[in-house]
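Architecture at a glance
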Amino acid sequence: MSDGKTSSLPACGDKHAASALSVDEARKRIESGVNPVSGAEKIALRSALGRILDEDIRSPINVPSHTNSAVDGYAFVHSDLAAAGTAALRVIGTAWAGRPFNGHVHAGECIRIMTGAAVPAGADTVVMQENVRIENNMIRIGTALKEGENIRVAGEDLAKGQVALTSGKQIMPPELGLLASIGLGEVSVRRRLRVAFFSTGDELRSIGQPITEGQIYDSNRYTLYGMLTRLAVDIQDMGVIRDDRDAIKKAFIEASENADVVITSGGVSVGEADYVKETLEALGEIGFWQIAMKPGRPLAFGRVRGATFFGLPGNPVSVMVTFYQFVEPALRRMMGQTGTHAGMMTYKVRCISSFQKRPGRTEFQRAVLERDVSGDLIVRATGKQGSGILRSMSEANCFVILPQDSNAVEPGTIVDVQPFYGML
Ligand code: AMP
Ligand code: MG
């Protein structure tokens, strides 16, 4: 790691707010501490959704491959129109999409042409069928038209040899279509990132087990499963690990041997059994950070035996917030994706409710983004904001991000909104 040395990081026990990392600083340290994995594979187009391109794609053909009509109408020679302003032209044939007219269109002639049909030799302009009068086998054009109007020129979307997509691009529905449009049935993509994750905590039970007093169901492994599945990574769910030195050590060794990334939840807060920290420090190079944010204050980041490690807090909302703000951008970088992913976009929106806050930490409050009666975007708070209240994530559709130094926000203030759409 270039910047993530354990020794240079604030330790878990730091009580002073001054030693807490800002959200931006933590992001920078994480970004500079991870690198794209190498290795690629050639896969069928349909399997490539969500994967990252490992090659620049040059179009082997022109798109469109032939000059064609953009409308249903009549193809003719533009100079016919220029002379008189209007024209009377004889219809000499028809061209359908996929069934061209093989003759030549001369002065005084036209053909009936359908959308997508190849424009025949001689013709250079198409008039929409709504703009002509038909008498016997003649059309009369009364409208002014520019030369080339209603025609899509071969290669105007993509010229043969032109770079259509660059390495590092995530293949999403538009890219699937684009690759199909140039006739590619296979693409070279980065290998899948391998991510192992487990929960820590003696109080945790898995679904199907009875819970007694003081015990809770492990939900973090399910949110992590969902968030990771969306990223087209290989996931290894290692279950719940007890708060026990040997069990933790064993799990870490196993995870780091099988995965590029190890993600855990719980066990990184102040006052947590020290052996978790101690075990991790012995096995790898890990910083236990206090981040000036809410929720999600404690976070561990570093390396365990060659694997990148993220120790997320235990509280369910903190897990989601720290995942989206820090882990996902890092995973995308490791997956080989270049550029900023759209899910990190923020927008300025007027709020219609107040947001409680004290200066000192960046807050990611759960909120609802919607339109008011006049159609303007507004944002309002959801209910309780406790870091254990997972319902707040389900009821919200965005984060309202309140800057570290800000106080409570009154209705009418413009706030930064990060929609879940594109992120969750
Ligand atoms: P910890 O950081 O381990 O002290 O956990 C903080 C809080 O999150 C505690 O209330 C835990 O019970 C809770 N918690 C930890 N892990 C999970 C989990 N996997 N699912 C749900 N809640 C959890
Ligand atoms: Mg715990």
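To be clear, the structure that these remarks concern was listed above.
Notes on the structure follow.

Conventions and cut-offs
- Residues numbered from 1 in each chain as written.
- Chains lettered and ligands numbered in written order.
- Predicted model: local features only at pLDDT ≥ 70, side-chain atom pairs only at ≥ 80, totals over all residues.
- Heavy atoms only, no water.
- Buried < 20%, exposed > 50% of the residue type's maximum accessible area, 1.4 Å probe, protein only.
- Helix = DSSP H or I, 4+ residues; strand = E, 2+ residues; numbered from the N terminus.
- Arc of directions from axis to C-beta.
- Contact = heavy atoms within 4.5 Å.
- Salt bridge = Lys/Arg side-chain N within 4 Å of Asp/Glu carboxyl O.

**Describing helix α4 (residues 220–229)**
The complete set of buried residues in α4 reads N220, R221, T223, L224, M227 and L228. Within α4, the buried residues cover an arc of 160° as seen down the axis, which keeps them to one side. Summarising the contacts, the buried residues of α4 are in contact with β13 (194–200), β16 (234–241), β17 (261–265), β21 (307–312) and α7 (316–334).

**A closer look at the environment of M114**
Note that M114 resides in the loop between β6 (109–113) and β7 (125–128). Residue classification places M114 among the buried positions, given a relative accessible area of 17%.

**With respect to the pattern of salt bridges**
Pairs may arise between side chains of opposite charge once their charged atoms sit close together. Tallied over the full model, the rule gives 17 salt bridges. The salt bridge involving D260 is made with R194; its shortest N-O contact spans 3.9 Å. With D260 in the loop between α5 (245–258) and β17 and R194 in strand β13, the pair connects residues that are 66 residues apart, well separated along the chain. Relative accessible area serves as the criterion here: at 12%, D260 is assigned to the buried category. According to the relative accessible area criterion, R194 is partly exposed, its value standing at 33%. When salt bridges with common partners are traced through the structure, they connect R191, R194 and D260 into a single cluster.

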